[in-house]
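Summary of the model geometry
This is what each chain is made of:
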Amino acid sequence: MPTAASDPKLVLDEDRFFDPDPAVRRIAREIYQRTRDLPLISPHGHVDPRLLADDAPFPEPTALILTPDHYLLRMLYSQGVPYERLGIKPKDGGSAEQDPRKVWQVFGEHYHLFRGTPSDAWLSYEFHHVFGVRTKLTGATAQKVYDEIAEKLASPEFRPRALFERFRVEVLATTDAATDTLEHHQRIRASGWKGRVIPTFRPDLLLQVAGAGWRAELERLGGTQGRPVEDYGGFIEALEARRAFFRGLGAKATDHDAMEPYTERLADAEAERLFRAALAGHAGPAEQRAFQGHMLMEMARMSAADGLVMQLHAGSLREHNVPVLERFGPTLGHDIPVATEYTRNLRNLLNAYGNDPRFRLIVFTLDESTYARELAPLAGHYPAMRLGPAWWFHDSIEGMQRYRQQTTETAGLYNTAGFNDDTRGFCSIPARHDLSRRMDANWLAGLVARHRVDLDDAHEMARALAYDLAKEAYRL
């Protein structure tokens, strides 16, 4: 569809995000040219594997781009746009806008809210490079942009598997509950398609013994084993069996969410007592902290034995906005970071397994103050530990620079885990990798311009950051 002369044009400068200093910019451009077309390694993310199992056409632009993206939803809500206007239906059965075109119109009318944010950087790439859109999204152009994307989505070239191959995704890891049947992963394998899509074992609901959903998840765990889980020993055996099941379908990692990364091994008798207290409905915050801290030790023990890389995402207070949670449910953008301590909290785990060559721990944080003070020194000492990339609120243009500046001198480059896109939005995967590669090229160009590294070393470092480190860290 041609762009009308009056429509604002979407133009992406080839040197975007590079330093304005011409000497640095020239070097950044040269470094980036060597990494821009490398295959994409996506070792951690939240794409639904059903997309690639079904390989059906995406329904329409709103469901593909806006609805699954909590970065977008939270910003719109913060500016007074009700979730109902964004198509999010209340749990009590209340009404919500069901016309995706009207929801997209609201998105277009408020798109200016994302100026200067990573969301705009990702979406601009997605619109321009994935869908070929050359018109800026505004209230006036919203329907035109919607039609242009919808037309593309109807073609075979925009089916999920075709895009997977066009994006040059070498491996994509999903994140799956420990009790998941992995039906969609099995269907992908059985289809004969060559794309590599692997599960990740995430047992969070089973470790949250004070949580409202723990008992139901425990019953699901028992269902996977053909018998109820009635004691702590049976619980451990069932978790080990599920890990083996995930490994059989290609899993390379586990993932664990903890607001506080506290670790301490309990005696088996105490672990059994806490488990039985949870079964009886008597687990509170103290029991939760103790049991989860013990189970993180157990997860590390199992990882040392079975080789699954252990990821730890710490420091998020989940579902901060309780009225929104109760009315609409989770994952709508109301998780908020908290100050987080690692040096003492991880000491027990690292003393037990941090020197074991079989074990690999990748740690993420939402507390940037810990980069230089705690995490870089820990990753720069313990052979088993790697520092995960800038995560979530800090997976941004400025956040990536702060991460490199605060971690490299102590941890070095090779004690970090490269990049992961950590996205639910399938079509945003190449956009996120491109932004990371540009920011790393720019950071390395600054080192070259200041004669801290030479250009040949910078090229090697750029490739490591874009490709090699993620493969090594996740044992891919």
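The structure this text deals with has already been given above.
The written sequence of each chain sets the order in which its residues are numbered from 1. Per-residue local features are limited, in this predicted model, to residues with pLDDT of at least 70; the limit for side-chain atom pairs, both in listing and counting, is 80 or more; totals at the level of whole chains, interfaces and linings are taken over all residues. For side-chain calculations, the full set of non-hydrogen atoms in the structure is used, while hydrogens and water are omitted.

Along its length, the protein chain carries 20 helices and eleven strands. Taking 2.2 N^0.38 as the reference for a compact globule, 476 residues should give roughly 23 Å; the C-alpha atoms of the protein chain span a radius of gyration of 23 Å, in line with that estimate. Projecting the C-alpha coordinates of the protein chain onto the three principal axes gives extents of approximately 75 × 60 × 45 Å. Only protein chains enter the accessibility calculation, which uses a 1.4 Å probe. A residue is then buried if its area is under 20% of the maximum for its type, exposed if over 50%, and partly exposed in between. Within the protein chain, the proportion of its 476 residues that are buried is 57%. Only DSSP runs of H or I with at least four residues qualify as helices, and only runs of E with at least two residues qualify as strands; both kinds are numbered from the N terminus onward. Note that the radius of gyration is over C-alpha atoms, with the globule rule given as 2.2 Å times the number of residues to the power 0.38.

Let's shift gears to the packing of helix 1 (residues 22-35) against helix 20 (residues 455-473). Every axis in this analysis is a line fitted to C-alpha atoms, fitted for helices over the stretch in contact. Angles between the N-to-C directions lie between 0 and 180 degrees. Relative to each other, helix 1 and helix 20 sit at 45°, their axes nearing to 9 Å. Classed by the angle they form, the pair helix 1 and helix 20 counts as oblique. Between helix 1 and helix 20 lies a crossing whose hand is right-handed. Between helix 1, through Ile27, Glu30, Ile31, Arg34 and Thr35, and helix 20, the contact on the second element is made entirely by Leu455, Ala458, His459, Ala462, Arg463 and Ala466. Gly is put with the polar residues, along with every residue not named as nonpolar or charged; the nonpolar set is Ala, Val, Leu, Ile, Met, Phe, Trp, Tyr, Cys and Pro, and the charged set is Asp, Glu, Lys and Arg. Partitioned by chemical class, the residues of the contact of helix 1 with helix 20 number six nonpolar, two polar and three charged. Our angle categories are set so that under 35 degrees counts as roughly parallel, over 145 as roughly antiparallel, 65 to 115 as roughly perpendicular, and the remainder as oblique. Working rule for handedness: look at the near helix, and if it is turned counterclockwise from the far one by less than a right angle, call the crossing left-handed; if clockwise, right-handed. The contact definition used throughout considers only heavy atoms, calling two residues in contact when any of these lie within 4.5 Å.

Here we come to the sheet that holds strand 1 (residues 40-42). What the three strands build is an open sheet, ordered 1-2-4; its pairing is parallel. Of all the strands in the sheet, the pair left with one neighbour each is strand 1 and strand 4 (197-198). We treat two strands as partners when DSSP finds at least two bridges between them. Of the pairings in the sheet, the one linking strand 1 to strand 2 (residues 169-173) comprises three bridges and is parallel in character. Looking at strand 2, one finds that Ser42 is bridged to Leu172. Along the sheet, helix 19 (residues 429-449) makes contact with strand 1 and strand 2, crossing strand 1 at roughly 110°.

This part covers empty space enclosed by the protein. Of the two site types, the cavity is a set of points on a 1 Å grid over the protein atoms alone where a 1.4 Å probe fits but cannot get out, and the pocket is an open set with protein on both sides within 12 Å along at least five of seven lines, each lined by residues with an atom within 4 Å of a point. Grid points are joined across faces, edges and corners, and a volume is the space filled by probe spheres set on the points. The tally for this structure, following the rule as stated, stands at five cavities of 30 Å³ or more. In this structure, the largest cavity encloses a volume near 90 Å³. Every residue lining the largest cavity is listed: Pro389, Ala390, Asp395, Met400, Tyr403, Arg404, Gly418, Phe419, Ser436 and Asp440. Secondary structure elements with two or more residues in the lining of the largest cavity: helix 18 (397-411) and helix 19. No other element matches the three residues that helix 18 contributes to the lining of the largest cavity. Residue classes in the lining of the largest cavity are distributed as five nonpolar, two polar and three charged.

This part takes up the pattern of salt bridges. Every case where a carboxyl oxygen of Asp or Glu lies within 4 Å of a side-chain nitrogen of Lys or Arg is listed as a salt bridge. In this structure the tally under the stated criterion is 34 salt bridges. The closest approach of N and O atoms between Glu374 and Arg373, which form a salt bridge, is 2.8 Å. Between Glu472 and Arg386 there is a salt bridge, and its shortest N-O distance comes to 3.6 Å. Of this pair, Glu472 sits in helix 20 while Arg386 sits in strand 11 (residues 385-387), placing them 86 residues apart in sequence. The buried category is assigned to Arg386, whose relative accessible area is 9%. Within the structure, one salt-bridge network assembled from shared partners comprises Glu240, Arg265, Glu298 and Arg301.

Let us look at the packing of aromatic side chains. Any pair of Phe, Tyr and Trp rings, taking the six-membered ring for Trp, is counted once the centres come within 6.5 Å. Such a pair is stacked with planes under 30 degrees apart, edge-to-face with planes over 60 apart, and tilted for the rest. In the structure shown here, the tally under the stated rule is 25 aromatic pairs. Their ring planes at 75° and their centres at 5.7 Å tell us that Phe107 and Tyr111 sit as a pair that is edge-to-face. Tyr111 carries the same exposure label as Phe107, and that label is buried. With 5.7 Å between their ring centres and 15° between their planes, Phe131 and Phe158 make a pair best called stacked. With Phe131 in the loop between helix 6 (118-130) and helix 7 (142-153) and Phe158 in the loop between helix 7 and helix 8 (160-166), this pair connects stretches of sequence that are 27 residues apart. Three or more aromatic residues joined by ring pairs make a cluster, and in this case those are Trp104, Phe107, Tyr111, Phe114, Phe127 and Tyr146. The side chain of Arg404 reaches across the aromatic face of Trp443, ending 6.0 Å from its centre. Placement of a charge over a ring requires the Lys NZ or Arg CZ to be within 6 Å of the ring centre, with the centre-to-atom vector within 35 degrees of the ring normal. Positioned above the aromatic ring of Trp122, the side-chain terminus of Arg432 is 3.8 Å from the ring centre.

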